[in-house]
Amino acid sequence: MTARPANAHQARLLRLLRDGGPNSRAQLGDQIDLSRSKLAVEVDRLLETGLVVADGLAASRGGRRSHNIRLAPALRFLGVDIGATSIDVAVTNAELEVLGHLNHPMDVREGPVAIFEQVLSMAAKLRASGLAEGFDGAGIGVPGPVRFPEGVPVAPPIMPGWDGFPVREALSQELGCPVMVDNDVNLMAMGEQHAGVARSVGDFLCVKIGTGIGCGIVVGGDVYRGTTGSAGDIGHIQVEPDGRACACGNRGCLEAHFSGAALARDAEDAARTGQSQELAARLEAAGRLTAADVAASAAAGDATSIDLIREGGNRVGQVIAGLVSFFNPGLVVIGGGVTGLGHTLLASVRTQVYRQSLPLATGNLPIVLGELGPTAGVIGAARLISDHLFSPA
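What counts, and where the lines are drawn
- Residues numbered from 1 in each chain as written.
- Predicted model: local features only at pLDDT ≥ 70, side-chain atom pairs only at ≥ 80, totals over all residues.
- Heavy atoms only, no water.
- Buried < 20%, exposed > 50% of the residue type's maximum accessible area, 1.4 Å probe, protein only.
- Helix = DSSP H or I, 4+ residues; strand = E, 2+ residues; numbered from the N terminus.
- Arc of directions from axis to C-beta.
- Contact = heavy atoms within 4.5 Å.
- Axes fitted to C-alpha atoms, helices over the stretch in contact; angles between N-to-C directions.
- Parallel < 35°, antiparallel > 145°, perpendicular 65-115°, else oblique.
- Pairing = 2+ DSSP bridges.

Caption draft 1: Expanded view of helix 5 (residues 167–175). If you check which residues of helix 5 are buried, you get Val167, Leu171 and Leu175. Buried residues along helix 5 cover an arc of 35 degrees about the axis, so they all sit on one side. Exposed positions of helix 5 whose direction lies more than 90 degrees from the buried face are Glu169 and Gln173. The elements touched by buried residues of helix 5 are strand 4 (77–82), helix 4 (112–131), strand 7 (137–142), strand 9 (152–153) and strand 10 (179–183). Just downstream of helix 5, glycine 176 is the residue with a positive phi angle, here 70 degrees.

Caption draft 2: A look at unusual backbone geometry. The phi angle at leucine 96 is positive, at roughly 70 degrees, despite the residue not being glycine. Within the element layout of this structure, leucine 96 appears in the loop between strand 5 (86–92) and strand 6 (98–105). Its relative accessible area of 4% is what places leucine 96 among the buried residues. For serine 200, which is not glycine, the phi dihedral falls at a positive 75 degrees. With respect to the secondary-structure elements, serine 200 resides in the loop between helix 6 (184–195) and strand 11 (204–209). Overall, the relative accessible area of 80% leaves serine 200 in the exposed class.

Caption draft 3: View of the packing of helix 1 (residues 8–20) against helix 3 (residues 36–49). Look at helix 1 against helix 3: their axes get within 10 Å of each other, and the N-to-C directions meet at 75 degrees. Relative to helix 3, helix 1 is oriented roughly perpendicular. Here His9, Gln10, Leu13 and Leu14 of helix 1 come into contact with helix 3, specifically with Lys38, Leu39, Glu42, Val43, Arg45 and Leu46.

Caption draft 4: Region of the structure containing the pairing of strand 6. Judged from the seven bridges that link them, strand 5 and strand 6 form a sheet pairing that is antiparallel. Note that in strand 6 the partner of threonine 92 across the bridge is valine 98. The turn joining strand 5 and strand 6, which pair antiparallel and follow one another in sequence, is formed by five residues; a positive phi near 70 degrees is taken by leucine 96.

Caption draft 5: Broad picture of the sheet that holds strand 6. Pairing within the open sheet is mixed, and its five strands lie in the order 6-5-4-7-10. On the outer flanks of this sheet lie strand 6 and strand 10, each paired with one strand and no other. In this sheet, adjacent strand axes meet at a mean angle of 15 degrees when their direction is disregarded. Taken together, the six bridges between strand 4 and strand 5 define a ladder with antiparallel strand orientation. Bridge pairing links phenylalanine 77 to threonine 92 in strand 5. Strands strand 4, strand 7 and strand 10 of the sheet are contacted by helix 5, whose axis makes an angle of about 140 degrees with strand 10.

None of this, on its own, says anything about what the molecule does.
So, in structure tokens, the structure goes:
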């Protein structure tokens, strides 16, 4: 993909076609502030670039029938979501529909070189399957703070060896296409906004609870990243003065007291001290416990596991309550691997938020689980690069 929209009107048309699918000139004209003649000029110029193509006649609205147009069907975006313990890679079309998706378990602490060798291998497999001859752009999510303009991770607590690594530059050279990089929770928020539970919501929070905890902040339909790209790093808000040591170097952070890693550690402690026979049996069988083991034990009625989930939900809810009072969002989405804990976790979060935040902020506030699961990040990554490419050069 070499062409870019020449002006804001063309960029707006491309995004409308991405988000709404094929549409007629007449219907596009209803959504954009252009005269019919000016609209025709901009559409014709986009047709000349090859970014859009004609797509047959539209349904009649009376009088002469309008032609449908759509984004070029050959456009392909690569979405990459690097988590703390796994990698998701997907190919989408221009409308961000997932055409193929691969997942591979891998520890982000193995470092950027090993991780990106695996990413490139997965991308090659998707390409070899016939889903894409090449990629027109790629979006990459990483589980740590990112200096957004440069696409560079900055002092990520759970990513040793990644500080300052030129992710965007390195992958752009390897893939031969433009690349954009962002924090993984921002991409989860963008994915849920495009195709999930946050469709049509302009102001919302998306909280990801996995190995770490982060929050995507969407304001007026756009992700808010802050001055340096670290907005939403709620896992390092203190919930316990002089509490547990955290990977960031401080004590008492939310992430140190409740995250996938913290929950697994607490579950193993409970198993070894005889608080839970269910967890003890799982620990003996597997040699280690995960958040999934706690979820399964809770589903089996284990009181200790249920208490661990409730206590963690209370801590998360305590932090979210402060965010709700400050930001007054229209929706709170909870996602990430720990959402396998399900409605026990959600109920605890809701209880704390509704109890602590002002009634005016919570009176019509849904707090829900994300809809897209592991595809939220890769769809958000494709959305990120398409936002870049569907902007004037």
